[in-house]
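# Structural overview for review
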Amino acid sequence: MSYIEEFSWDDITPIPQNDGGNDAIAPIAYDDDYRIAMEYLRAVMKIEEFSERSLKLTEDVILMNAAHYTVWQYRTRILFALDKDLEQELVWVEFVGQKFPKNYQIWNHREVIVNKLDNPIRELPFIEVMLEIDTKNYHVWSYRQWLVRRFDLWATEVPYTTIMIEQDVRNNSAWNHRFFAIFGRKEVPSDEVVSDEIEFTKAAILKAPQNTSAWNYLTGVMKKSGRPLSDLESFCLTLSNPSSGFKTQDLDITSARSLEVLADIYAEKQDIPKASLAWTLLAEKYDTVRENYWNHRKSQATAKILGAF
Amino acid sequence: MAAQYIPEINKVHNQESPLLDSLVTETSAAQNGTARSCEGLILEGQLPVLNRSAHSQFLQIPLKLALPSAFTGLDASKPWLIYWPLQALSLIDPASIPPDYSARVSASIFACISDTEGAIGGGNGQIAHLASTYAGVNALAISGDTKAWQALDRNRVYQFLMAMKCDDGGFRMHHGGEEDVRAVYCALATATLLDIMTEELVQGTIEWVSRCQTYEGGIGGAPDNEAHGGYAFCGLASLCLLGNPLEVIPEYLDLENFVRWLSARQYQPEGGFSGRSNKLVDGCYSWWVGGCWALLEGIMPSLKMGWVPLWSKADLQKYILCCCQSPRGGLRDKPGKSADFYHSCYVLSGLSVVQHRYRYVDGAREKTLSNWSLSWDYSAEDSAVVEVSVENQIGALNPVHVLPWGVAEKMHDFYAAYR
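Residues numbered from 1 in each chain as written. Chains lettered and ligands numbered in written order. Predicted model: local features only at pLDDT ≥ 70, side-chain atom pairs only at ≥ 80, totals over all residues. Heavy atoms only, no water.

## Focus on the overall build of chain A
Counting its regular elements, chain A contains 16 helices and zero strands. Seen through its C-alpha atoms, chain A measures out along the principal axes to roughly 85 × 50 × 35 Å. The buried share among the 309 residues of chain A stands at 57%. Residue pairs at least 24 apart in sequence account for 63% of intrachain contacts in chain A once pairs closer than 6 positions are excluded. Of the accessible surface of chain A, which amounts to about 13700 Å², a share of 52% is contributed by carbon and sulfur atoms. Placing the 35 positive and 47 negative side-chain charges of chain A at their respective mean positions leaves the two points 7 Å apart. (Helix = DSSP H or I, 4+ residues; strand = E, 2+ residues; numbered from the N terminus. Buried < 20%, exposed > 50% of the residue type's maximum accessible area, 1.4 Å probe, protein only. Contact = heavy atoms within 4.5 Å. Areas by Shrake-Rupley, 256 points an atom, 1.4 Å probe, with all protein chains shown as cover. Lys, Arg positive; Asp, Glu negative; His and termini not counted. Charge placed at Lys NZ, Arg CZ, Asp CG, Glu CD.)

Shown next as structure tokens:
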């Protein structure tokens, strides 16, 4: 352990862990290295020691248990108290992140450091490396949103999600980030931008017509920009045409999601027979595990019409 | 009112949708792999028995033995390592919990209380954390150790909750920690159980939670984040803690869009729930998504939004019994994964949702802050909805607190008596 090799600890009395007595629940049989390091940690934290040796100790503990949020928080306090080089800290965090890609404490730590440093220069390249390891890492995408807003980095975001979506059109995290990139800014996007998004998404849907992520994005954009869903009717009909009822040939239905949106369009127009037909097709053939939901939509729409008379 | 018509919906859907796209991506390849491995375990017309004794043995490990050093990664989650197995055991085999556990639980949780902050941390000597505080208080609730309840310094816990409150109405997990909707849920659930809810504590919180709903209809960890099953439960349950759910939920959520997204979480042929669009099913969402359904079903009849379960309980039961039972005991994410305490807790809590119908009883208690989540009731689910064999029956729970039935109410009322 570096903290022992590099520093003297003679003046510190380690504080053993008290799990709540000898018959505590869920004690862990730690390796000695970890157990002893934690004993020193408790001791230096208690006296709020902010020193080079306590900094080294946090490094060793994090490499043994990166999920230990207390050590991260203590480390931040030491870094700030000693006025350490924060850029060097970011380099170290990059090493830890790649060693433990699922760890999420690093993102909160990094946010605190980068916020103080007031410079995002290292961030986007590191985020990209981490998203290559796991393209849907929730904490990485959340961090990216914070970063973009904090440093006004909007320009890169739509193109970045285009690349990610081209790589995997079903990456819902990328679609969610795209929605943020378009609508998360203070300025409302222009009609042209919205129209471009709609065309981009339709093209993506044609590559994989069942892709929920693209459909949710499409209907989300319509709603957010105040456009009527019925603008999508002809697009949906090119993918699924339920007009011939139960005699519908399979060839006429290529997307369950387009049936769903069609049903919403018909329901909005109060054309309940057509909406019901689409819901029935979903319930009985194309998305049967959700049949209770589709039947519920049907009965709700019918009740609403009856109530109107 | 006409007699309720109960359609025969007790059926499973073991066929994949006839519509599958030919384009292969990382996502579709993973989905295909999971669907195939689940299909291999789903047998037509046969439902495995819940291997109660094996699961019980597995869940008793933390009560009997030291966990191996591989658990070091959970060293900052000690209260969870106590809560998860206790919650799961309470549902499937309460008699197996040893009689001396109560004081042992409270001593173990008290050892995690931060000297300087007064709330519960991830372990001895660690700083206080809202998730640890939630799990620790839940474990204390299950312990029923009223001496420990008496000894808990609720004022200090309240001070900690207030210290975690952010200006925008949300909460952060710990000093210097992240702000998200888990923190909101953990703070509110804790405040209710300890009867320390105040208007000041929840100022602006309901609006903050509302901002976490995304264009997809689900709820993300924070505003603009991707919709996610775990955060969806935290958000929805938070609304159920903040006011009368019959009023708060329709007002602060786009309920139609939320239900649509929630419904899309159930996959076939697997029958289980995924946490996000285009992600794989995972047993733990049996609770995070199933718990959302329990809460919604509890209010939808009163909102005249229909009553039939809007999802397939039979298919979730199928996924849990066929795919989530580890042969060596304990419950798991999906076939090929190892069982653990986290998944055991939330898969079994999901199974409880399959077997029971929960409902919010308006006016069951005085309508005051800190009573909203305690006005729930349940009944056994109708066999027309899902057939539950007697040998598989497990206990009921409080769907807001994720605690065995009656436990949350008892703890809250203990403290309320001091008012």
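Still to come is the rest of the account.
## Thoughts on the overall build of chain B
Summing up its helical and strand segments, chain B has 17 helices and four strands in all. Each of the 419 residues in chain B was classed as buried or not, and the buried ones make up 67%. In the form shown here, chain B has an accessible surface area of approximately 14200 Å², with 52% of it arising from carbon and sulfur atoms. Averaging the coordinates of the 30 positive side-chain charges in chain B and doing the same for the 44 negative ones gives two points 4 Å apart.

## Things to note about the pattern of salt bridges
Residue and element names in this part refer to chain A. In total, this model carries 42 salt bridges over all chains according to the counting rule given. Between Glu48 and Arg77 there is a salt bridge, with its nearest N and O atoms 2.9 Å apart. One end of the pair, Glu48, is in the loop between α2 (32-46) and α3 (52-64); the other, Arg77, is in helix α4 (residues 69-81), and 29 residues separate them in sequence. Among the ionic pairs, Arg178 bridges to Glu197, the shortest N-O distance being 2.7 Å. Note that Arg178 is positioned in helix α10 (residues 172-183) and Glu197 in helix α11 (residues 191-207), a separation of 19 residues in sequence. A relative accessible area of 3% places Arg178 in the buried class. Residue classification places Glu197 among the buried positions, given a relative accessible area of 5%. (Salt bridge = Lys/Arg side-chain N within 4 Å of Asp/Glu carboxyl O.)

## A few points about the domain arrangement of chain A
Under the domain assignment used here, chain A contains domain 1 (1-82) and domain 2 (233-309). A straight line from the C-alpha centre of domain 1 of chain A to that of domain 2 of chain A covers 61 Å. (Domains from an automatic or database assignment.)

## Considerations on the interface of chain A and chain B
Taken together, the contact between chain A and chain B spans 74 residues of the former and 83 residues of the latter. Summing both sides of the interface, chain A and chain B together bury roughly 6400 Å²; the carbon and sulfur share of this comes to 49%. The three residues of chain A that bury the most area against chain B are Ile25, Tyr69 and Tyr138 of chain A, which together make up 14% of that side's buried surface. Connecting chain A to chain B are six salt bridges. Here chain A is connected to chain B by 57 residue pairs in polar contact (both at pLDDT 80 or more). (Buried area = accessible area lost by both parts, 1.4 Å probe. Polar contact = N/O pair within 3.5 Å; in protein donor to acceptor, adjacent residues only side chain to side chain.)

## Structural notes on the side chain of Asp180 of chain B
Residue and element names in this part refer to chain B. Position of Asp180 among the secondary structure elements: in the loop between α8 (154-164) and α9 (181-193). Given a relative accessible area of 7%, Asp180 falls into the buried group. Contact partners of Asp180, with chain neighbours within four places excluded, come to Phe171, Met173, Trp208, Gly221 and Tyr231.

## Some thoughts on the side chain of Lys202 of chain A
Tracing the chain through its elements places Lys202 of chain A in helix α11. Setting aside chain neighbours within four positions, we find Lys202 of chain A in contact with Leu232 and Phe235 of chain A.

## Concerning helix α12 (residues 245-252) of chain B
Residues and elements named next belong to chain B. All buried positions along α12 are accounted for by Pro245, Leu246, Val248 and Ile249. Looking at the buried residues of α12, the elements they touch are α10 (205-210), α11 (229-242), α13 (255-263), α14 (285-299) and β1 (356-360). You can read the cap of α12 off the contacts: a side-chain oxygen lies 3.0 Å from the backbone nitrogen of Leu246, and it is on Asn244.

## Comments concerning the nonpolar core
In terms of nonpolar packing, the biggest core is built from 238 residues, with Tyr83, Leu130, Tyr185 and Tyr346 of chain B touching the most fellow members. In terms of domain composition, this core takes at least three residues from each of domain 1 (1-82) and domain 2 (233-309) of chain A. For Tyr185 of chain B, the contacting residues outside a window of four places in its chain are Tyr134, Phe233, Cys234, Ala237, Ser238, Leu241, Val400, His401 and Val402 of chain B. (Core = buried A, V, L, I, M, F, W, Y, C linked by side-chain atoms within 4.5 Å.)

## Details of the packing of aromatic side chains
Counting across every chain of the model gives 43 aromatic pairs over all chains. Arranged with centres 5.4 Å apart and planes meeting at 85 degrees, the rings of Tyr3 of chain A and Trp9 of chain A form a pair that is edge-to-face. Taking the relative accessible area as the measure of exposure, Trp9 of chain A reaches 5% and is therefore buried. Seen from their ring centres, Trp107 of chain A and Tyr143 of chain A are 5.3 Å apart, and the 45 degrees between their planes marks the pair as tilted. In this pair, Trp107 of chain A is assigned in helix α6 (residues 105-117) and Tyr143 of chain A in helix α8 (residues 138-151), connecting sequence segments 36 residues apart. Residue classification places Tyr143 of chain A among the buried residues on the basis of a relative accessible area of 2%. Taken together, Trp80, Tyr83, Trp84, Tyr134, Tyr185, Phe233, Trp287, Trp288, Tyr342 and Tyr346 of chain B form an aromatic cluster joined through their ring pairs. Looking at Arg75 of chain A, its charged tip hangs above the ring of Trp92 of chain A, at a distance of 4.0 Å from the centre. Note that Arg150 of chain A overlies the ring of Phe151 of chain A, its terminal NZ or CZ placed 4.4 Å from the centroid. (Phe/Tyr/Trp six-rings, centres within 6.5 Å; stacked < 30°, edge-to-face > 60°. Lys NZ or Arg CZ within 6 Å of the ring centre and 35° of its normal.)

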